[in-house]
Structures are given as structure tokens and as C-alpha cells.
Amino acid sequence: MSNRAVVYKGPGKVAVENIEYPDLVLRDGPGVNPLNVGRKCDHGVILKVIATNICGSDQHMVRGRTTAPSGLVLGHEITGEVIEVGSDVEFMKVGDIVSVPFNIACGRCRNCKSQDTHICTNVNPDRPGSAYGYVDMGGWVGGQSEYVMVPYADFQLLKFPDKEQALDKIQDLTMLSDIFPTGFHGAFSAGVGIGSTVYVAGAGPVGLAAAHSAQLLGASVVIVGDLIEERLEQARSFGCETVNLSKHDRLGEQIEQILGVPEVDCAVDAVGFEASGHGPGSGEAPATVLNSVMTVTRAGGRLGIPGLYVTGDPGGIDDDAKEGTLKIRIGLGWAKAHHFVTGQTPVMKYHEFLMKAILSEKAQIAKAVNATVISLDEAPSGYEVFDKGAAKKFIIDPHGVIRKRTAAAKDAIKMS
């Protein structure tokens, strides 16, 4: 059986190519740690991919800002239908529609048993934590493809309770694999609660998801900062206040104009290491966001940091930045007794109750992030548009399932 996928071809380039149809073994290939080659996964399943999204973290690799090897199959945001189960799988069945957490986790190690599935110690020989189709994450094949293998299925997969309902809400539910839990983790770990004032740095999909999550958690005011007006307009579309940082370099003053005071209760960094300085003509300044959120967060406040920071950045602005050593004002954070939460998001802590929020229509995550469906063949152009700062979250529809269903729904409305 054939299998087509989005493949990283070097800085600035992706292509749709034929790859091997998956089986329940991790084969050798680009980025696969030698200690993972030949790893048997009878505890896994094969999925027919229904939806798989382009993530900002993918974009870091495609820009050449990581050590990702050419030939790496991309994609860690996966929703699909089970079409084959391994001999050790007990609770997942053929035909189930499931969300795949982007963290690959065994369910057996100390960290997994503590719900710290983002730092599983058994799936990546390089370091704790793993993900599909990502650099230095063990080499598990990515899911921007027609079919993909998912290990540890009984432990990891979130099965949707009703297949038809899931397909009706697939554009929202596909966000459960990463972006929605990641945005929620940023807001939750920042301590957002009833009446909180919140600053979210970055109006990309994760920042928008964090802003929507802050609203769900009861924030009174959510302020989103970004350099691109189109993205800020998207944030305003669901009730956020905004600051255009390409025009203003004094964030505290802008916050004071909105709140009456130059600080917020808590903040979220949804930008990461490719940050730019604030104000007209500013260039890349990788510590800008971390320093600015410490400046505008009240003493004793919390900072959620889901934005990606890497240990290897070939495009870093200096030798320190190339190894992830940034000029952070840790003294400021210490003096203000800030709490910092960093690292990958432990998706499994959040995805089930976020699913319930979607199914009950309490959460409108697809609308918040401007979900936009494209075909697998359109993925390379999707990467180009996203890289230019489009206020969209691209959902790849490898088999045309979403588009066919959307067309059928429109026809039904016309006939009624």
C-alpha cells in the first residue's frame, strides 16, 4: 500500500514524497537514533490520518533553525482512524477515531506514572521526551502523511466517544494533539484564574490558543502582543485586547493604557527562541520575550513558557544563541519571585477535558486559531504562507475526508 508524506528537504524546502507504508516496527531512517532502530511496537496501531496540522515548531525546522536532517518526515499533530492494531493492544479497536498526543510516552516509566508524559525516559535515547517527526526526538516517523504508526496505543490515544460527532467537529478536535493543550498549559501553568489579567506574547496559533484558554479559565482581560497586524486582528476577533509590538517598544506603557496599571497578573510566552525585538526596525533578539514578560508580570506572578527553546540553533545570532544560551534577566525574575514553567506540554494531562469542552461547545478553538483546511499536496505552499505570518492554522486533509464532509454539509443546508 502506498503512503505519501511531507518531507523536510533542507532549509526553506519541503516536498510531498512517497515513503514506506508503516508497520509495527521503527525502521532506520533520517533522524532515527541507532538505539531505536528495529524497535518492535506490538503495543502500537496503524492510523489512517484524517487530520494533521502544520505547527510553528515544524516551521522552526523548515527555516533551518534546528539540526533536523534532510529527509525527515514531518508532523506531530495527528488525528486518525485505527485501521490495524498490534497484538499487545487491548482497548483500541479498528474503526476508532482517535487523537494522538504529540508526546510519545511509554506509560511505564517513573515520569509517565506521574503524568509527566512530556519527559518519558523510555522512548528517546538522546534525552527525556519524544515526538513524531521532530529533530532529536528519537526518530519516530512524522504524521503529515496518509498513514502513520503510533506506539503505546492503549496508554496514549484519546478515543472520541462518537465517530459521527467527532467527524462533525474534526477541525476543533484535531487541535487536541498539540496546540490546544499547549496553549492551555501555558495559561494554566501561568496561574490564570477568575478575574486574572493576562499578557500573551505571540499571536500565532499557540498564542491564540493560550488566549482562548485564558478566557476559558476566567481571565477578566487577555492582552495579546505581536508584530503582525493580521494576527492581532484574529486575536481581537474573539475578544482579546492587543498591542502591536512593531510600533511600540514600551510594553508596560501599552498595558497601562489598557488596564490602568503597567503590569498583569500572569503572562505566557508563546513565541520562543526566534523572538524579535520590540519597536520599529528591531531585529532578532532571542531573549526579548522572556525579559519583557518578567518586566510586565507582577511580583509573585507566574510565567507559562510553551514557546520553543532549543539547544542547537544553526541560525542563532551569536555563538551563545546557537547553543540556546540566552541573555535572560534572571535577576529580575528572582527579585520579583516569579514562578517559571517551561518545556513540552504534557498533553495527556489536559486533552480529555479539553475534548469535553469542545464536544459541549464550551470551547471554539478552531475559530480562535482560524483553522484552514488544505490538501496534502498543498502542504508546501501552506508552509510558505505560514512562514510569512499568516493568521491561520493549517489543517492537512490527506484523504479528503474533511473537505468531502464539509461539502456534503453545505449541500444539505442548500436542500433544506
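In the block above lies the structure referred to throughout.
So, a few notes on the structure that sits alongside this text.

This next bit is on the environment of Pro-11. As for its placement among the helices and strands, Pro-11 is situated in the loop between strand S1 (4-10) and strand S2 (13-18). The sequence separation of Pro-11 and Phe-353 amounts to 342 residues, and the corresponding C-alpha distance is 38 Å. The residues touching Pro-11, leaving out its near neighbours within four places in the chain, are Val-62, Arg-63 and Gly-64.

Across all of its chains, the model carries one cavity of 30 Å³ or more by this definition. Taken as a whole, the largest cavity spans an internal volume of roughly 40 Å³. If you go around the largest cavity, the residues you meet are Arg-65, Phe-273, Glu-284, Pro-286, Val-310, Asp-313, Gly-316, Ile-317, Ala-321, Gly-324 and Leu-326. In terms of residue class, the lining of the largest cavity is built from six nonpolar, two polar and three charged.

A separate point is the layout of surface pockets. By volume, the second largest pocket amounts to about 480 Å³. Along the walls of the second largest pocket sit 28 residues, with Ile-19, Glu-20, Asp-28, Val-73 and Val-141 positioned nearest its centre. Residues of the lining of the second largest pocket, tallied by class, amount to 16 nonpolar, six polar and six charged.

Ranked by size, the top nonpolar core spans 52 residues in total, and within it Leu-176 and Val-224 carry the most contacts. Take this core: its biggest share by element is six residues, from helix H7 (residues 205-216).

What follows covers the sheet that holds strand S13 (residues 264-269). Adjacent strands of a sheet pair through backbone hydrogen bonds, lying either parallel or antiparallel. Overall, parallel pairing links the six strands, which are arranged S12-S11-S10-S13-S14-S15 in an open sheet. Every interior strand has two partners, whereas the edge strands, strand S12 (241-244) and strand S15 (339-341), have only one. Neighbour to neighbour, the strand axes of the sheet diverge by 20° on average, direction disregarded. As judged from the five bridges shared by strand S10 (residues 197-201) and strand S11 (residues 221-226), these two strands associate in the parallel manner. Pairing of Val-200 across the sheet is with Val-224, part of S11. With respect to the sheet, helix H6 (residues 179-189) is in contact with S13, strand S14 (297-304) and S15, its orientation differing from that of S14 by roughly 155°. Where helix H8 (residues 229-236) meets the sheet, its contacts fall on S11 and S12, and the angle it forms with S12 comes to roughly 170°.

Taken as a whole and assessed by the stated rule, the structure comprises 22 salt bridges. Residue Arg-4 pairs with Asp-377 through a salt bridge whose shortest N-O separation is 2.4 Å. Here Arg-4 is found in strand S1, whereas its partner Asp-377 is found in the loop between strand S16 (371-374) and helix H15 (379-387), with 373 residues between them in sequence. Overall, Arg-4 belongs to the partly exposed group, its relative accessible area being 25%.

Put simply, H6 and H7 touch, their axes get as near as 7 Å, and they point 60° apart. For the element pair H6 / H7, the angle class is oblique. Note that H6 runs across H7; the crossing there is right-handed. Across the interface between the two elements, Ile-179, Phe-180, Thr-182, Gly-183, Phe-184 and Ala-187 of H6 pack against Pro-205, Val-206, Ala-209, Ala-210, Ser-213, Ala-214 and Leu-216 of H7. The residue makeup of the contact of H6 with H7, split by class, is ten nonpolar, three polar and no charged.

All of the buried residues along helix H13 (residues 351-359) are His-351, Leu-354, Met-355, Ala-357, Ile-358 and Leu-359. Two residues or fewer past H13, Glu-361 is found with a positive phi of approximately 65°.

This part covers a nonpolar patch on the surface. Nonpolar side chains collect at one region of the surface, where Ile-328, Ile-330 and Phe-340 lie side by side and expose about 260 Å² of accessible area between them. Residue placement: Ile-330 occurs in helix H12 (residues 330-335). Residue Ile-330 is classed as exposed on the basis of its relative accessible area, which comes to 55%.

Glancing now at helix H10 (residues 288-296). Counted residue by residue, H10 has eight buried out of nine residues, so it is predominantly covered. Packing partners of the buried residues in H10 comprise S10, helix H9 (251-259), S13, S14, H12 and S15.

Bridge analysis of S1 against S2 gives six bridges, and the strand direction is antiparallel. Of the residues in S2, the one forming a bridge with Gly-10 is Lys-13. Hairpin connection from S1 to S2: two residues lie between these consecutive antiparallel strands, with Gly-12 at a positive phi of about 80°.

So, about a negative patch on the surface. A surface patch of like charges, here negative, comprises Asp-318, Asp-319, Asp-320 and Glu-323. Take Asp-320: it is sitting in helix H11 (residues 319-322).

As a further point, take the packing of aromatic side chains. A complete count under the given rule lists six aromatic pairs for this structure. Residues Phe-184 and Phe-353 carry aromatic rings whose centres are separated by 5.4 Å and whose planes lie at 70° to one another, so their mutual orientation is edge-to-face. Of this pair, Phe-184 sits in helix H6 while Phe-353 sits in helix H13, and the two are 169 residues apart along the sequence. With relative accessibility at 41%, the residue Phe-353 sits in the partly exposed group.

Conventions we followed
- Residues numbered from 1 in each chain as written.
- Predicted model: local features only at pLDDT ≥ 70, side-chain atom pairs only at ≥ 80, totals over all residues.
- Heavy atoms only, no water.
- Helix = DSSP H or I, 4+ residues; strand = E, 2+ residues; numbered from the N terminus.
- Contact = heavy atoms within 4.5 Å.
- 1 Å grid on protein atoms, 1.4 Å probe; cavity = no way out; pocket = protein on both sides within 12 Å on 5 of 7 lines; lining within 4 Å.
- Points joined across faces, edges and corners; volume = space filled by probe spheres on them.
- Nonpolar A, V, L, I, M, F, W, Y, C, P; charged D, E, K, R; others polar.
- Core = buried A, V, L, I, M, F, W, Y, C linked by side-chain atoms within 4.5 Å.
- Buried < 20%, exposed > 50% of the residue type's maximum accessible area, 1.4 Å probe, protein only.
- Pairing = 2+ DSSP bridges.
- Axes fitted to C-alpha atoms, helices over the stretch in contact; angles between N-to-C directions.
- Salt bridge = Lys/Arg side-chain N within 4 Å of Asp/Glu carboxyl O.
- Parallel < 35°, antiparallel > 145°, perpendicular 65-115°, else oblique.
- Left-handed = near helix turned anticlockwise from the far one by under 90°.
- Patch = residues over 30% accessible without salt bridge, like charges linked within 9 Å, V, L, I, M, F, W, Y side chains within 5 Å.
- Areas by Shrake-Rupley, 256 points an atom, 1.4 Å probe, with all protein chains shown as cover.
- Lys, Arg positive; Asp, Glu negative; His and termini not counted.
- Charge placed at Lys NZ, Arg CZ, Asp CG, Glu CD.
- Phe/Tyr/Trp six-rings, centres within 6.5 Å; stacked < 30°, edge-to-face > 60°.

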